[in-house]
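# Fold and geometry: a report
Here's the letter readout for the chains.
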Amino acid sequence: QVQLVESGGGLVQAGGSLRLSCAASGRTFSSYAMGWFRQAPGKEREFVAAISWSGGIIYYADSVKGRFTISRDNAKKTVYLQMNSLKPEDTAVYYCAADSEGDRIRVAGYEYDYWGQGTQVTVSS
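Residues numbered from 1 in each chain as written. Predicted model: local features only at pLDDT ≥ 70, side-chain atom pairs only at ≥ 80, totals over all residues. Heavy atoms only, no water.

### A look at the state of the cysteines
Heads up, the condition is: Any cysteine sulfur atom paired with another within 2.5 Å is treated as part of a disulfide. What counts as a helix is a DSSP run of H or I of at least four residues, what counts as a strand is a run of E of at least two, and both are numbered from the N terminus. Exposed residues in this analysis have more than 50% of their type's maximum accessible area, buried residues have under 20%, and partly exposed residues fall in between, with area computed by a 1.4 Å probe over protein chains only.
Throughout the structure, instances matching the rule amount to one disulfide. Between the sulfur of Cys 22 and that of Cys 96 lies a disulfide, 1.9 Å long from S to S. When the S-S torsion is 50 degrees, as for the bridge of Cys 22 with Cys 96, the disulfide is right-handed. With Cys 22 in strand S3 (residues 18-25) and Cys 96 in strand S9 (residues 92-99), the pair connects residues that are 74 residues apart, well separated along the chain. There is no split in this pair, since Cys 22 and Cys 96 are both buried.

See below:
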């Protein structure tokens with residue numbers, strides 16, 4: 001069992017930065033791949049970024065590539081999403097998720113086993 005708690009969301013102006021954190025409980029965190037997803041009002045949930053258990057495999061959605069950076073600290077049981085050059089279209093609730101298939105990257109949300117409650121990110125123009 002893994003419990004996930006996101007933090008770091010907030011209101012920021014376009015062009016600004018935020019760093020999201022996702023703290024995990026459970027002894028097996030380091031064996032999970034971790035992903036970030038987001039859902040804007042009236043839209044479906046979409047994949048943002050994911051990282052394998054070791055950090056050796058990382059993948060981004062085209063919409064955030066070059067602006068967002070995913071990382072993890074297995075000793076702290078935390079995964080991060082550094083978001084730079086934010087745009088109004090980045091406004092959404094951001095969720096972290098854990099995938100027990102830790103050595104691969106998957107972009108479909110239904111393949112993830114555990115989810116956090118989400119943190120709101122609002123980017124003003």
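### Here's the deal with the pattern of salt bridges
Applicable threshold: Each salt bridge in this description consists of a side-chain nitrogen of Lys or Arg and a carboxyl oxygen of Asp or Glu lying within 4 Å of one another.
For the coordinates displayed, the defined rule picks out six salt bridges. Glu 111 serves as the salt-bridge partner of Arg 106, at 3.0 Å between the closest nitrogen and oxygen. Here Arg 106 falls in the buried class, since its relative accessible area comes to 12%. Overlapping salt bridges, with partners in common, bring together Arg 38, Glu 46, Arg 67 and Asp 90 in one network.

### Looking at the packing of aromatic side chains
Applied cut-off: Centres within 6.5 Å make a pair out of two Phe, Tyr or Trp rings, where for Trp the six-membered ring is used; the pair is then stacked when the planes are under 30 degrees apart, edge-to-face when over 60, and tilted otherwise.
Scanning the model with the defined rule gives six aromatic pairs in all. An angle of 65 degrees between the planes, with centres 6.0 Å apart, marks the rings of Tyr 32 and Tyr 114 as edge-to-face. Here the residue Tyr 32 occupies a position in the loop between S3 and strand S4 (33-39), and Tyr 114 occupies one in strand S10 (residues 114-115), the gap between them amounting to 82 residues.

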